Amino acid sequence: MSTSPTSPTARKTIQATELMGRIMREYFYDLNDAAVTGRRKVAWCTSVGPAELLRALGFAVYFPENHGAMLGSTRQSTELIPEANAAGYSPDICSYLTADIGAWLKQRTPLSKAYPGIERVPRPDVLVYNTNQCRDVQDWFGWYARELGVPALGISSPKNVNDVTEGLVEDVARQIEALVAPLEAIVGARLDIDRLRETVALSRRCSEIWRDVLETAMHSPAPLTFFDGTIHMGPAVCLRGTQQALDYYAVLLAELRQRVADGVGAVQGERLRLYWEGMPVWGRLRQHSEMFAALRTAVVASTYCSSWIFPAFDDADPFRSMAQAYLELFIVRAEPYKERYLADMLQRFKVDGIIFHDAKTCPYNSNNRYGLPQRLQASTGVPSLVLSGDLNDLRCVSDEQTKINAEAFVEQLLECA
Amino acid sequence: MTHAASPAAPAAPAALYLGLDLGSSRTKVVLIDAAGGLRGQAVRKSGIDFAVTARACLAQALEMASAGSGDIAAAVATGYGRSNVAFVTEETKTEIGCLARGGYHLFPQAISIIDIGGQDNKVIKVGADGRRQSFKMNRKCAAGTGAFLEEMASRLDVSLETLNALAAEATEMIKLGSYCTVFSATEVLENIRAGRRVPDIVKGLFYSVIKRVLEMDSLTDGVVMTGGVVAHNPYLAEMTAGLIERPVRLPAQPQFVGALGAALFARDAAAGQVAADAPPDQGD
């Protein structure tokens with residue numbers, strides 16, 4: 001039994017990627033047009049902020065976290081982060097934040113290279129955050145509010161929630177409702193409640209089809225991996241609440257279901273199935289994808305990609321259901337819930353081992369720090385590995401240590417198989 | 001090491017199995033025979049060209065075994081430079097796997113292996129059946145590794161080789177508070193300025209190394225220590241035993257356990273190949 005890596009080309013590409021590229025291109029040019037011409041107001045929104053409300057009000061919606069991920073995946077983040085550090089933002093805080101602020105200070109954006117004609121990120125008319133993910137987003141948007149002189153509005157969400165109670169939902173729903181008046185004033189139009197219902201319904205359907213996409217990986221061999229998911233989640237993040245996202249995922253889902261029918265796996269010769277808990281290392285997506293493929297190991301599921309599944313959206317009760325959807329998010333929840341959620345995912349996806357990415361600058365997405373891997377192994381028998389790294393700051397990533405750990409983990413799992 | 005006592009080679013060697021451990025600090029090579037007996041070994045500073053160092057080690061080990069490269073039936077490489085020895089093998093295993101294999105070969109029981117290397121530390125748990133149960137590596141930081149002791153020896157203006165004897169003659173132990181190698185160096189300088197005895201500082205450095213390792217994982221079952229740092233500083237094992245309040249077992253040659261594991265994997269692979277190549281039983 002050898003774990004010597006096999007051919008690094010043992011991955012299968014997804015044909016729908018080209019279509020996704022076209023959709024994302026249209027999205028960014030539309031945003032740029034809104035900002036440059038002033039024909040539509042631009043709102044910046046955190047990734048699980050009230051995007052449905054903003055779309056229903058007619059804003060062009062931009063997600064700085066997506067920009068942070070682009071800075072990471074294009075490996076520009078590590079040289080931009082020090083710019084924000086020098087401005088007083090610690091290297092220990094969110095490296096999406098520091099990379100993005102660093103990029104603004106240097107007036108750089110990967111959008112310019114990817115989409116010729118776009119010179120800068122779209123200037124916002126309003127910044128809208130939800131602290132359900134972390135407090136850093138509030139400080140991040142606060143910086144831009146001061147820098148650009150635009151209002152920052154937000155929702156303060158509770159943390160470490162075990163049960164999403166009526167009281168919590170009511171509180172957040174009221175905060176979302178309170179955003180309506182100031183946002184109406186900025187956009188110069190009244191909220192059309194039917195349009196909000198329609199947007200919430202589209203988000204619900206996007207969430208469902210995205211879940212279907214991810215759940216194709218329950219099959220063995222898995223037709224897509226976590227690394228594919230981090231790329232193909234683009235429309236679920238940026239175009240939630242639009243028909244374009246639904247249309248795209250219908251195409252992707254059909255391709256993946258065909259793979260399942262044909263017995264085609266994303267990783268050739270799949271022999272192990274892993275779960276990825278935590279953020280991706282954006283600047284190492286390709287390397288990690290190839291590394292696991294060469295080990296004939298499919299990373300079949302993740303908390304991260306599954307975080308854009310919102311079963312609570314309900315067009316009959318848009319404000320409360322938005323509140324519930326935003327609160328049910330894994331990152332908002334307490335350890336007992338997280339343990340139950342992960343145990344369920346490991347079982348449903350028939351996982352052999354779980355990787356916890358301990359991201360230096362993202363404690364909220366580093367769930368190895370309070371004994372969860374040990375408790376999970378005790379309750380499920382699924383072994384775990386902790387990889388130290390970061391989402392965007394490659395100064396915190398050791399490629400050799402990652403490789404040794406991953407290979408040794410695969411060796412261990414094969415020994416015990 | 002059970003096989004380490006009499007490395008003298010017979011005149012006509014049978015098939016040999018080669019393990020190469022190309023570590024960040026030192027390259028170790030072991031040759032064993034089909035029975036697992038040691039036939040040759042060598043260790044050198046890895047330097048900047050793993051392949052050149054590995055060739056030199058291999059030549060030395062073959063000479064010790066009175067054998068030639070044609071006698072090598074199979075080889076496995078491990079360590080940071082494991083991909084740099086294609087001239088002899090492309091078969092690789094992680095050092096974690098090799099340490100577990102070598103450690104269990106020497107101590108065939110449920111064990112926790114503490115390996116302290118030049119740039120990283122590992123705690124590896126092996127079950128009574130020899131299968132790995134888990135492993136932990138130090139994070140990116142060099143605290144608690146051989147590199148930490150090298151830096152501190154430099155600050156104390158003593159050679160690395162003298163640390164063990166110095167620690168053993170300590171009359172007290174000066175504990176350092178910091179995780180960080182650079183901050184620890186500052187603490188060392190503060191203690192020098194305060195006129196504290198070097199042996200007492202060195203014992204504190206050893207304590208720091210052990211604490212960094214012990215905080216990586218809990219230890220179960222029998223404890224075995226391996227790696228170049230304990231090979232040259234066996235007092236570390238003695239101190240560890242005192243801290244964990246149970247015996248710590250040291251192989252005769254702690255530095256070679258990874259290379260031994262690689263050689264055993266090579267032997268296993270060759271045995272599997274022989275079995276696969278063997279003609280089917282024709283019966284009557």
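Residue numbers here run from 1 along each chain, matching the order of that chain's written sequence. Throughout, the order in which chains and ligands are written sets their labels, letters from A for the former and numbers from 1 for the latter. Thresholds applied to this predicted model are a pLDDT of at least 70 for local features of residues and 80 or more for the giving and counting of side-chain atom pairs; totals over whole chains, interfaces and linings are not thresholded and use all residues. Hydrogens and waters are ignored; side-chain quantities use all the structure's heavy atoms.

1. Regarding empty space enclosed by the protein
Empty space among the atoms becomes visible once a probe the size of a water molecule is rolled across them.
Residues and elements named next belong to chain A.
Now for step 1: Buriedness of a pocket was judged along seven lines, with at least five required to meet protein on both sides within 12 Å; pockets are open sets of points on a 1 Å grid over the protein atoms alone, cavities are sets where a 1.4 Å probe fits but cannot get out, and lining residues have an atom within 4 Å of a point. Grid points are joined across faces, edges and corners, and a volume is the space filled by probe spheres set on the points. Here the structure, examined in full by the defined rule, presents 5 cavities of 30 Å³ or more.
Now for step 2: Of the volumes computed, that of the largest cavity is approximately 90 Å³.
Now for step 3: Every element with two or more residues in the lining of the largest cavity is listed here: helix 10 (226-232), strand 6 (297-302) and helix 14 (303-306).
Now for step 4: Runs of H or I in DSSP of at least four residues are treated as helices and runs of E of at least two as strands, each being numbered from the N terminus. In terms of residue count, the dominant contributor to the lining of the largest cavity is strand 6 (3 residues).
Now for step 5: Throughout, the ten residues Ala, Val, Leu, Ile, Met, Phe, Trp, Tyr, Cys and Pro are labelled nonpolar, Asp, Glu, Lys and Arg are labelled charged, and all others, Gly among them, are labelled polar. A class-by-class count of the residues in the lining of the largest cavity yields 9 nonpolar, 4 polar and no charged.
Now for step 6: Its volume calculated, the second largest cavity comes out at about 50 Å³.
Now for step 7: Along the walls of the second largest cavity sit His67, Asp100, Ala103, Trp104, Gln107, Arg108, Thr109, Arg120, Val121 and Tyr144, which together make up its complete lining.
Now for step 8: The biggest single contributor to the lining of the second largest cavity is helix 5 (residues 95-105), with 3 residues.
Now for step 9: Per-class residue counts for the lining of the second largest cavity are 4 nonpolar, 3 polar and 3 charged.

2. Digging into the domain arrangement of chain B
Residues and elements named next belong to chain B.
Now for step 1: Each domain of chain B was delimited in the assignment, giving domain 1 (16-103 + 255-283) and domain 2 (112-250).
Now for step 2: Domain start and stop points were drawn from an automatic or database domain assignment. Placing the centre of domain 1 and that of domain 2 at their C-alpha centroids yields a distance of 28 Å.
Now for step 3: Residues count as neighbours in contact if any of their non-hydrogen atoms are within 4.5 Å of one another. Across the contact, 12 residues belong to domain 1 and 17 residues belong to domain 2.
Now for step 4: When domain 1 packs against domain 2, the two sides together hide about 1100 Å² of surface, and 67% of this comes from carbon and sulfur.
Now for step 5: Buried area: the sum, over both parts, of the accessible surface (1.4 Å probe) that disappears when the two are put together. Ranking the residues of domain 1 by area buried against domain 2 places Ile96, Leu99 and Gln255 at the top, with a combined share of 49%.

3. Overview of the interface of chain A and chain B
Now for step 1: Of the residues lining the interface, 25 residues belong to chain A; the matching set on chain B comes to 22 residues.
Now for step 2: Carbon and sulfur atoms supply 43% of the area buried between chain A and chain B, which totals about 2000 Å² over both sides.
Now for step 3: What counts as a salt bridge is simple: a side-chain nitrogen of Lys or Arg found within 4 Å of a carboxyl oxygen of Asp or Glu. Counting across the interface, chain A meets chain B through 4 salt bridges.
Now for step 4: A salt bridge links Arg82(B) to Glu400(A); its shortest N-O distance comes to 3.4 Å.
Now for step 5: Any pair of nitrogen or oxygen atoms within 3.5 Å is treated as a polar contact; in protein, a donor-acceptor pairing is required on top of that, and neighbouring residues in sequence qualify only through side-chain atoms on both sides. At the boundary of chain A and chain B, one finds 7 residue pairs in polar contact (both at pLDDT 80 or more).
Now for step 6: At the level of elements, strand 8 (384-389) and helix 18 (399-416) of chain A are the ones that each hand at least two residues to the side of chain A that touches chain B.
Now for step 7: With 12 residues, helix 18 of chain A is the largest single contributor of residues to the side of chain A that touches chain B.
Now for step 8: Its residues assigned to classes, the side of chain A that touches chain B comprises 9 nonpolar, 10 polar and 6 charged.

4. What to know about the environment of Asn84(B)
All names here are of chain B.
Now for step 1: Within the secondary structure, Asn84 is located in the loop between strand 4 (72-78) and helix 2 (95-106).
Now for step 2: On a C-alpha basis, the gap between Asn84 and Ser184 in space is 35 Å, while along the polypeptide they are 100 residues apart.
Now for step 3: Those residues in contact with Asn84, other than ones at most four positions away along the chain, are Phe50 and Ala51.

5. Looking at the side chain of Ser95(A)
All names here are of chain A.
Now for step 1: Its location among the elements puts Ser95 in helix 5.
Now for step 2: When a residue's accessible area, from a 1.4 Å probe over protein chains only, is under 20% of the maximum for its type it is buried; when over 50% it is exposed; and in between it is partly exposed. According to the relative accessible area criterion, Ser95 is buried, its value standing at 1%.
Now for step 3: A polar side-chain atom of Ser95 sits 3.4 Å from the main-chain amide nitrogen of Asn392.
Now for step 4: Excluding its chain neighbours within four sequence positions, the residues that come into contact with Ser95 are Ile81, Thr361, Asp390, Leu391, Asn392 and Asp393.

6. Some words on the pattern of salt bridges
Now for step 1: Per the stated rule, a full pass over the model turns up 40 salt bridges over all chains.
Now for step 2: Of the charged contacts in the structure, one is a salt bridge between Arg155(B) and Glu151(B), with a shortest N-O distance of 3.0 Å. Taken together, the residues Arg155(B) and Glu151(B), both in helix 3 (residues 146-156) and 4 residues apart, mark about one turn of the helix.
Now for step 3: Judged by relative accessible area, Arg155(B) falls into the partly exposed class, the value being 36%.
Now for step 4: For Glu215(B), the salt bridge is made with Arg212(B), and the minimal N-O distance between the two is 2.9 Å.
Now for step 5: Looking at Glu215(B), the relative accessible area reads 43%, which means it is partly exposed.
Now for step 6: Using a relative accessible area of 15% as the deciding quantity, one classes Arg212(B) as buried.
Now for step 7: A single network of salt bridges, built from pairs that share partners, joins Glu166(A), Glu170(A), Arg174(A), Asp317(A) and Arg320(A).

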